[in-house]
Amino acid sequence: MSEIKEFESVDSALHQLPKDDYERVKKILYGSDTHEISVPEESKEMASKYNIELISCGFNCKEEQLRSPKVVRIGLFQHKLVPFPTTTPIQEMKYALFKFANKAIRIAARAGVNIFCFPETWNMPYAFCTREKTPWCEYAENAQFGPTTKMLQELATIHNMVIISPILERDEIHNDSIWNTAVVIDNHGDYLGKHRKNHIPRTADFSEPVYYAEGNTGHPVFETEFGKIAVCFGRHHPLDWLVFGLNGAELVFCPAAAGGVASEPLWSIESRNAAITNNYFTCAVNRVGTEIFENEFSSGDGKQPHRDSEYFYGSSFVTAPNGTRSPGLSRTKNGLLIAEMDLNLCRQVKDQWGFQLAQRLEIYAECLSKATKHDFVPHVIRKACRPSSTL
Ligand SMILES: NC(=O)NCCC(=O)O
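Residues numbered from 1 in each chain as written. Predicted model: local features only at pLDDT ≥ 70, side-chain atom pairs only at ≥ 80, totals over all residues. Heavy atoms only, no water.

### Overview of the overall build of the protein
Part 1 of the argument: For the protein, the helix and strand inventory stands at 9 helices and 17 strands.
Part 2 of the argument: Computed over the C-alpha atoms, the radius of gyration of the protein is 22 Å, within 12% of the 21 Å expected from 2.2 N^0.38 for a compact globule of 391 residues.
Part 3 of the argument: In terms of its C-alpha atoms, the protein occupies a principal-axis envelope of roughly 85 × 60 × 50 Å.
Part 4 of the argument: Taking all 391 residues of the protein together, the buried fraction comes to 50%. (Helix = DSSP H or I, 4+ residues; strand = E, 2+ residues; numbered from the N terminus. Rg over C-alpha atoms; globule rule 2.2 N^0.38 Å. Buried < 20%, exposed > 50% of the residue type's maximum accessible area, 1.4 Å probe, protein only.)

Okay, structure coming up:
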């Protein structure tokens, strides 16, 4: 199959504007100024050698009189599965992806990254479109003791880095159940915990309910040496984002396998809106490319069965609590986005905007508890019918 030439990125298109226009458009679309951060030549050289796009961005924050800055660097790694065909034996596929991940983590480590995050189910094909169980269920592994966690624990220790690893989890103790799970490893290589995806998509080629159920791990925030972090898979669900904020998250990572024309226009909005409304940083990280499967499958859209997945459009990016966003990685390439932020900005924005004062959680709690009942009556006001005697 000949590869379709994909559009590179919104950022590369913006860069073609005349300089003055570019600056104005960028300010309106992307928010206040960001600054350049230093990234060592060694990281740049390694990135170019391994064909990994490397971009970086620093978010501005005022110095405070009483609190020291809480500066942290994060790394978002987006990658394609190719050149490994989806038919590659499982061990071989994982080993190849481990090797590539190792390179990206080394580049990030040289650039001083403290927290590193992969996309959703990063160590396997996004095969849920096929609805086949074999061999995909065999990719699932124990969150705490599986080979992926073990491999990353070593890297986390070597590089003093927190690593977020979203994988397909097998819970052998509880009925061999499968989950879509993010594992959090701290910078000493210890397993800190896991979070299971709360909202499982039921659309187009995202047939995840065939494999696993909605997560049962709540909305944990992980306290790390580099800040309070959380993982939110529920990009389309503002309440999922909200609860991580209520639990005190400063940085919320959103690992995704997001693809297709219906999904892409939402991508730059959802996590950005969550950062604004919940006053934390959001870090959205997506896989890249098309994945081709051995057998044809249908998408339930009346079109012919096919073997190719939706196009995963990459475009990983970070948003600050004031709505300012970083440039995005490309739609087409492996990439590493390095962003530096001072977590003090979260409270500064709360003080400035006061959204939390105006949040009115109590009215929503009441409304939500009513809306979850089977006999809920929607509050709709209709024009009253005139009594027949007045006609
Ligand atoms: N992986 C996943 O949940 N995808 C949802 C559909 C999308 O937004 O691309």
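Next comes the rest of the description.
### Observations regarding the sheet that holds strand E2 (residues 53–59)
Part 1 of the argument: An order of E1-E2-E17-E3-E4-E5-E6-E7 is seen for the 8 strands of this open sheet, with the pairing classed as mixed. Either end of the sheet is taken by a strand with one partner, and the two such strands are strand E1 (34–35) and strand E7 (191–196).
Part 2 of the argument: With 9 bridges connecting them, strand E5 (residues 162–171) and strand E6 (residues 177–185) associate as antiparallel partners. Following the sheet pairing, Ile164 is matched in E6 by Val184. (Pairing = 2+ DSSP bridges.)

### A word on the sheet that holds strand E11 (residues 281–286)
Within a sheet, each strand pairs with its neighbour through backbone hydrogen bonds, oriented either parallel or antiparallel.
Part 1 of the argument: With mixed pairing, 5 strands are arranged side by side in an open sheet as E8-E9-E10-E11-E16. Each edge of the open sheet is held by one strand with a lone partner, namely strand E8 (222–224) and strand E16 (317–319). Direction aside, neighbouring strands of the sheet carry axes that sit 25 degrees apart on average.
Part 2 of the argument: Here E8 runs beside strand E9 (residues 227–231); their pairing, made up of 3 bridges, is antiparallel. In the sheet register, Phe222 faces E9, and the bridge partner there is Ile229.
Part 3 of the argument: Its contacts with the sheet place helix H6 (residues 238–246) against E9, strand E10 (251–256) and E11, and it is angled at close to 150 degrees to E10. (Axes fitted to C-alpha atoms, helices over the stretch in contact; angles between N-to-C directions. Contact = heavy atoms within 4.5 Å.)

### Observations regarding the nonpolar core
Part 1 of the argument: Counting residues in hydrophobic clusters, the biggest one holds 54 residues, and the most contacted among them are Ile52, Phe116, Phe118, Trp122, Leu152 and Ile163.
Part 2 of the argument: For this core, the secondary-structure elements that each account for two or more residues are helix H3 (41–49), helix H4 (90–110), helix H5 (147–159), E5, E6, strand E13 (292–297) and strand E17 (335–342).
Part 3 of the argument: Setting aside residues no more than four positions away along its own chain, Ile163 makes contact with Ile105, Phe116, Phe118, Leu152, Leu155, Ala156, Val183, Val184 and Ile185. (Core = buried A, V, L, I, M, F, W, Y, C linked by side-chain atoms within 4.5 Å.)

### Things to note about the side chain of Ser299
Part 1 of the argument: Within the fold, Ser299 resides in the loop between E13 and strand E14 (306–308).
Part 2 of the argument: On the basis of relative accessibility, which here comes to 13%, the residue Ser299 falls in the buried class.
Part 3 of the argument: For Ser299, the side chain forms a polar contact with the side chain of Asp205, separated by 2.7 Å.
Part 4 of the argument: Ignoring anything within four residues of it in the chain, the contact list for Ser299 reads Ala204, Asp205 and His306. (Polar contact = N/O pair within 3.5 Å; in protein donor to acceptor, adjacent residues only side chain to side chain.)

### Quick word on the site of the ligand
Part 1 of the argument: Around the ligand sit Glu120, Tyr126, Lys197, Pro201, Phe206, Glu208, Arg235, His236, Ala257, Ala258, Gly259 and Ser263, and that is every residue in its neighbourhood.
Part 2 of the argument: In this structure, an oxygen atom belonging to the ligand sits 3.0 Å away from a side-chain N or O atom of His236.
Part 3 of the argument: Within the side chain of Ser263, an N or O atom sits 2.9 Å from an oxygen atom of the ligand.
Part 4 of the argument: Burial of the ligand by the protein amounts to 93% of the accessible area it has alone, namely 280 Å².
Part 5 of the argument: Residue classes in the shell around the ligand are distributed as 5 nonpolar, 3 polar and 4 charged. (Near = heavy atom within 4 Å. Areas by Shrake-Rupley, 256 points an atom, 1.4 Å probe, with all protein chains shown as cover. Nonpolar A, V, L, I, M, F, W, Y, C, P; charged D, E, K, R; others polar.)

### Description of the side chain of Lys197
Part 1 of the argument: If you trace the backbone, Lys197 turns up in the loop between E7 and E8.
Part 2 of the argument: Assessed through its relative accessible area of 6%, Lys197 is described here as buried.
Part 3 of the argument: There is a polar contact of 2.7 Å between the side chain of Lys197 and the side chain of Glu120.
Part 4 of the argument: Within the structure, the side chain of Lys197 is placed 2.9 Å from the side chain of Glu208, a separation counted as a polar contact.
Part 5 of the argument: Ignoring any residue separated from it by four or fewer positions in sequence, one finds Lys197 in contact with Glu120, Asn180, Glu208, Ala213, Glu214, Gly215 and Phe233.

### Focus on the packing of H4 against H5
Part 1 of the argument: Axis separation between H4 and H5 bottoms out at 11 Å; the angle between their running directions is 20 degrees. Judged by the inter-axis angle, H4 sits roughly parallel to H5. For the pair H4 and H5, the sense of crossing is right-handed. Contacts between H4 and H5 involve Lys94, Phe98, Asn102, Ile105, Arg106 and Ala109 from the first element and Pro147, Thr148, Met151, Leu152, Leu155 and His159 from the second.
Part 2 of the argument: Among the residues forming the contact of H4 with H5, the class breakdown is 7 nonpolar, 3 polar and 2 charged. (Parallel < 35°, antiparallel > 145°, perpendicular 65-115°, else oblique. Left-handed = near helix turned anticlockwise from the far one by under 90°.)

### Describing the UniProt feature "domain: CN hydrolase" (unreviewed entry) in the protein
Part 1 of the argument: The UniProt record marks residues 77–343 with the feature "domain: CN hydrolase" (unreviewed entry), using the residue numbering of this structure.
Part 2 of the argument: The span residues 77–343 is 22% helical and 28% strand by assignment, and the distance between its end C-alpha atoms comes to 21 Å. (UniProt positions renumbered as here; feature names shortened; annotations may be inferred.)

### Digging into the pattern of salt bridges
Part 1 of the argument: Applying the stated criterion across every chain yields a total of 23 salt bridges.
Part 2 of the argument: In this structure, Lys197 and Glu120 form a salt bridge, with 2.7 Å as the shortest nitrogen-oxygen distance. Residue Lys197 is located in the loop between E7 and E8, and its partner Glu120 is located in the loop between strand E4 (115–117) and H5; the two are separated by 77 residues in the primary sequence.
Part 3 of the argument: We note a salt bridge from Arg360 to Glu362, for which the minimum N-O separation is 2.8 Å. (Salt bridge = Lys/Arg side-chain N within 4 Å of Asp/Glu carboxyl O.)

### Description of a nonpolar patch on the surface
Part 1 of the argument: On the surface, a nonpolar cluster with roughly 370 Å² of combined accessible area is contributed by Leu239, Ile363, Tyr364 and Leu368.
Part 2 of the argument: Of the residues forming the nonpolar patch, the biggest block, 3 residues, is contributed by helix H9 (residues 361–371). (Patch = residues over 30% accessible without salt bridge, like charges linked within 9 Å, V, L, I, M, F, W, Y side chains within 5 Å.)

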